[in-house]
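This is what each chain is made of:
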Amino acid sequence: MSVFGFVEPWIAFAFGLFVAVGELARTPLPGEREQAPLGAAGALAYALLGSLAGARTHHGVAQVVLVCTLGALIGAVPCLVRRRRANWGSVSRRTLSVGFAALLFQPLYNSGALLRCGLEHGPGSAAYVAVCALLSAVVDVSLAALLSDAPLRRALRDEATALLRIGSAVAATGVVIAIAAGEIGLWALPLFSVPLLLTFAGFRRYAAIRATQRQTIASLARATEVAGYTLPGHARRVAELACRVGRELGLPDQELLLLEYAALMHDIGQLSLVDPIPGGATALLEDAEQRRIGRLGSEVIRRTGVPPQVAEIVVRAAEPYRRADGRVVLDLPVAARIVRVVNAYDDLACDDPGPARREEVLTQLRAGTERDYEPVVVEALARVCQRISG
């Protein structure tokens, strides 16, 4: 039966509706990612669907792509009505990766090639469906890395890590729905989506807790501005620029989170000073005074409930890259080196953000690489500044 060109239209409608509902349930996840787990699992299940309740299906690759795309677009309508930005990159990636999975499965299934090879029923069928899902996930990871602003190697690593933590649950659910639908029909859609919903409810709760923690830290960081110890926006600017430099250097998500917290709170030790530093520019102080402020800040941070690594980064950011004898401080955390460089940049350049002043400050920082600043970090900062201004 065909309606408007769709083979088995009610099956197509059920999976398309499932994808649309999944798009509505889009979930924010750690690492500033946002996914539609139900929609992705439903789309993958439709791409790998062979039989339904014991009867063979006959939809092809084109219908899989069309149904999943329409479902995603319909699910994005409320987002557009509320004038929120839809995640078209995620939708496009899913369409391509699901289309790839369908290309691996549907032509062979509809032509009977899987039946002749003994891969249409039993363990062989489950294994082949799982392989198709795995290859589809590889395509999705590759596309996400290519679309990312981060260096390719780092983007591939981050996307692969996200796949192992999150994408594996989505892929497994899609495979299970596709296989189970062969026995119990469309009931497999709501029945086997429950574990995925519970998993992502946990991720959503974690994301909410982390967002609350970040807001608390940002509020604490503003205390130095409110008290007049640092210039307005200094902590925010240092945090944003430090994270950009961290991405440029290939830091993983967890280290970027610690870097952001440390950059926000790096000046909190100034609250212990009797007299504020002019402009809050700690980069212009003697080494001993920088260390004292860093030590005072770390003592405050250890009482706030943030990870202890943040306090360690803040206290070590007051240390020069090289010792007095010229030897490199090998155990200095990368995050501490980044905070030191970016803080100095903002201290020196915040009064004039123009290109000429930026180059002048970068020249000063390069001159300071003989002792104070790590050259690799300074050059990473220069590349980031060039992209921002360009």
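One can find the structure itself at the top, above this paragraph.
Just so you know, these numbers come straight off a predicted model, no measurement behind them.

About the thresholds
- Residues numbered from 1 in each chain as written.
- Predicted model: local features only at pLDDT ≥ 70, side-chain atom pairs only at ≥ 80, totals over all residues.
- Heavy atoms only, no water.
- Helix = DSSP H or I, 4+ residues; strand = E, 2+ residues; numbered from the N terminus.
- Contact = heavy atoms within 4.5 Å.
- Areas by Shrake-Rupley, 256 points an atom, 1.4 Å probe, with all protein chains shown as cover.
- Expected span 1.5 Å × (residues − 1).
- Buried < 20%, exposed > 50% of the residue type's maximum accessible area, 1.4 Å probe, protein only.
- Polar contact = N/O pair within 3.5 Å; in protein donor to acceptor, adjacent residues only side chain to side chain.
- Axes fitted to C-alpha atoms, helices over the stretch in contact; angles between N-to-C directions.
- Parallel < 35°, antiparallel > 145°, perpendicular 65-115°, else oblique.
- Nonpolar A, V, L, I, M, F, W, Y, C, P; charged D, E, K, R; others polar.
- Salt bridge = Lys/Arg side-chain N within 4 Å of Asp/Glu carboxyl O.

(A) Quick look at the overall build of the protein chain. A count of helical and extended segments in the protein chain gives 17 helices and 6 strands. C-alpha extents for the protein chain along the principal axes are approximately 80 × 35 × 35 Å. In the protein chain, once contacts between residues fewer than 6 apart in sequence are set aside, the share between residues at least 24 apart is 68%. Of the roughly 19200 Å² of accessible surface on the protein chain, 62% is carried by carbon and sulfur atoms.

(B) Region of interest: helix α12 (residues 253-265). Between its terminal C-alpha atoms α12 stretches 19 Å, which fits the 18 Å expected from 13 residues at 1.5 Å a residue. Among the 13 residues that make up α12, 10 are buried, leaving the element largely enclosed by the rest of the structure. By the burial criterion, the buried members of α12 are Leu256, Leu257, Leu258, Leu259, Glu260, Tyr261, Ala262, Ala263, Leu264 and Met265. On its buried face, α12 is in contact with α7 (152-184), α9 (194-221), α11 (234-248), α13 (287-301), α14 (308-316) and α15 (334-349).

(C) Broad picture of the side chain of Ser193. Along the chain, Ser193 turns up in the loop between α8 (188-191) and α9. Take Ser193: its relative accessible area is 5%, and that puts it in the buried class. Among the polar contacts made by the side chain of Ser193, one reaches the main-chain carbonyl oxygen of Pro190 at a distance of 3.0 Å. Apart from residues lying up to four places away in sequence, Ser193 is in contact with Phe18, Leu38, Thr173 and Ala188.

(D) Representation of the environment of Ala288 in the model. Mapped onto the secondary structure, Ala288 falls in helix α13. Through-space distance from the C-alpha of Ala288 to that of Glu255 is 27 Å; in sequence the pair is 33 residues apart.

(E) Expanded view of the packing of helix α16 (residues 355-367) against helix α17 (residues 375-389). The N-to-C vectors of α16 and α17 enclose an angle of 170°; their axes lie 10 Å apart at closest approach. Compared by their axis directions, α16 and α17 come out roughly antiparallel. Residue-level inspection shows Arg358, Glu359, Leu362, Leu365 and Arg366 of α16 in contact with α17, the latter providing Val378, Glu379, Leu381, Ala382, Cys385, Gln386 and Ser389. Its residues assigned to classes, the contact of α16 with α17 comprises 6 nonpolar, 2 polar and 4 charged.

(F) Geometry of the environment of Glu159. For Glu159, the position within the fold is in helix α7. Expressed as a C-alpha distance, the spacing of Glu159 and Val138, which sit 21 residues apart in the sequence, is 9.7 Å.

(G) Up close: the pattern of salt bridges. Tallied over the entire structure, the rule returns 19 salt bridges. For the salt bridge of Asp287 with Arg371, the shortest nitrogen-to-oxygen distance reads 2.7 Å. Taken together, the residues span a long stretch of sequence, with Asp287 in helix α13 and Arg371 in the loop between α16 and α17 at a distance of 84 residues. Take Asp287: its relative accessible area is 17%, and that puts it in the buried class. Overall, the relative accessible area of 31% leaves Arg371 in the partly exposed class. Residue Arg337 pairs with Glu374 through a salt bridge whose shortest N-O separation is 2.9 Å. Pair noted here: Arg337 is in helix α15 and Glu374 is in the loop between α16 and α17, with a separation of 37 residues, a long-range link. Taken as a pair, Arg337 and Glu374 share a single burial class, namely buried. Each member of the salt-bridge network shares a partner with another, and the members are Asp287, Arg340, Arg371 and Asp372.

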